[in-house]
Amino acid sequence: MPAPEQIQPQKLADYLEVMTKAVFQSGMTWRVVENKWPGIRQAFHNFEPMAVATISGAELKALAGDTRVIRNRRKLGAIVENAQEMVQLEEKHGTFGRYLRSHGGFDACAADLKKRFRFLGDTGAYYFLYVVGEEVPEYDAWCASRGITPMHG
């Protein structure tokens, strides 16, 4: 897997898109996710948080049969719940970036992300924080500290 490209998030939708990619990549090959990404982006309203947060049960059921997306019902539902959580955290902290930086470091932030957001584990939290430009430990050292074999392109 090539190193993911970092971004400078401008709005909450940027954070939601990166987190959604982390959720879908869990247990899948990154190529599958990349190939489906244009359809996922379209199906999830370009990741506009309020649009995603208000997706109805009927819409989720339709998405579970939509070939544009990865049709995992639990992950599709998690995206909606994650959008709802992001909106609440942004309202509470003023910006989502402030929420991320309110933890005092990578380990505390990653732990809170994993607790609050569905389908976000160790690797997903690291990926998310790295891509959105937050401070993360050096990748090989982080992998070694968790007994994970580093994935290099």
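Residues numbered from 1 in each chain as written. Predicted model: local features only at pLDDT ≥ 70, side-chain atom pairs only at ≥ 80, totals over all residues. Heavy atoms only, no water.

1. Notes on the side chain of Asn82
Phase 1: Here Asn82 is to be found in helix H5 (residues 73–93).
Phase 2: Here Asn82 falls in the buried class, since its relative accessible area comes to 2%.
Phase 3: Of the polar contacts made by the side chain of Asn82, one reaches the backbone nitrogen of Arg118; its length is 2.9 Å. (Helix = DSSP H or I, 4+ residues; strand = E, 2+ residues; numbered from the N terminus. Buried < 20%, exposed > 50% of the residue type's maximum accessible area, 1.4 Å probe, protein only. Polar contact = N/O pair within 3.5 Å; in protein donor to acceptor, adjacent residues only side chain to side chain.)

2. Notes on the pattern of salt bridges
Phase 1: Considering all chains together, one arrives at twelve salt bridges under this definition.
Phase 2: As a salt-bridge pair, Arg118 and Glu81 come within 2.8 Å of each other at their nearest N and O atoms. Of this pair, Arg118 sits in the loop between helix H7 (106–116) and helix H8 (122–131) while Glu81 sits in helix H5, placing them 37 residues apart in sequence.
Phase 3: What makes Arg118 partly exposed here is its relative accessible area of 29%.
Phase 4: On the accessibility criterion, Glu81 (38% relative accessible area) is partly exposed. (Salt bridge = Lys/Arg side-chain N within 4 Å of Asp/Glu carboxyl O.)

3. Some remarks on the environment of Val52
Phase 1: When you line up the elements, Val52 lands in helix H3 (residues 49–53).
Phase 2: On the basis of relative accessibility, which here comes to 0%, the residue Val52 falls in the buried class.
Phase 3: With residues up to four places along the chain from it excluded, the contact list for Val52 reads Leu16, Phe44, His45, Phe47, Ile79, Val80 and Ala83. (Contact = heavy atoms within 4.5 Å.)

4. With respect to the confidence of the model for the protein
Interpretation of this model should avoid reading the predicted coordinates in detail wherever pLDDT is low.
Phase 1: For the protein, per-residue confidence averages 94 on the pLDDT scale, and residues scoring 70 or more make up 97% of the total.
Phase 2: At the low end of the mean pLDDT range in the protein sits helix H9 (residues 139–146), at 91; at the high end sits H3, at 98. (pLDDT = per-residue confidence, 0-100.)

5. Looking at the environment of Phe96
Phase 1: By the element assignment, Phe96 lies in helix H6 (residues 96–101).
Phase 2: Along the primary structure Phe96 and Glu81 are separated by 15 residues, whereas in three dimensions their C-alpha atoms are 16 Å apart.
Phase 3: Contact partners of Phe96, with chain neighbours within four places excluded, come to Leu12, Tyr15, Met86, Leu89, Glu90, Phe117 and Phe128.

6. Thoughts on the nonpolar core
Phase 1: Ranked by size, the top nonpolar core spans 47 residues in total, and within it Phe44, Met86, Phe96, Leu100, Leu113, Phe117 and Phe128 carry the most contacts.
Phase 2: For this core, the secondary structure elements donating two or more residues are helix H1 (12–25), helix H2 (30–43), H3, H5, H6, H7, H8 and H9.
Phase 3: For this core, the element with the highest residue contribution is H1, accounting for nine residues.
Phase 4: Other than its neighbours up to four places away in sequence, Phe128 contacts Tyr15, Val18, Met19, Met86, Phe96, Leu100 and Leu113. (Core = buried A, V, L, I, M, F, W, Y, C linked by side-chain atoms within 4.5 Å.)

7. Describing the packing of H8 against H9
Phase 1: Between H8 and H9, the least distance of the axes is 12 Å, while the angle of their chain directions is 165 degrees. The pairing of H8 with H9 is recorded here as roughly antiparallel in orientation. In this structure, H8 meets H9 at a crossing whose hand is right-handed. Contacts from Asp122, Thr123 and Tyr126 in H8 reach Tyr139, Trp142 and Arg146 in H9.
Phase 2: In terms of residue class, the contact of H8 with H9 is made up of three nonpolar, one polar and two charged. (Axes fitted to C-alpha atoms, helices over the stretch in contact; angles between N-to-C directions. Parallel < 35°, antiparallel > 145°, perpendicular 65-115°, else oblique. Left-handed = near helix turned anticlockwise from the far one by under 90°. Nonpolar A, V, L, I, M, F, W, Y, C, P; charged D, E, K, R; others polar.)

8. Let's talk about the packing of H1 against H8
Phase 1: Relative to each other, H1 and H8 sit at 150 degrees, their axes nearing to 9 Å. By the angle between their directions, the pair H1 and H8 is classed as roughly antiparallel. With respect to the hand of their crossing, H1 and H8 are arranged in right-handed fashion. Side by side, H1 and H8 meet where Tyr15, Val18, Met19, Lys21, Ala22 and Gln25 of the first sit next to Gly124, Tyr127, Phe128 and Val131 of the second.

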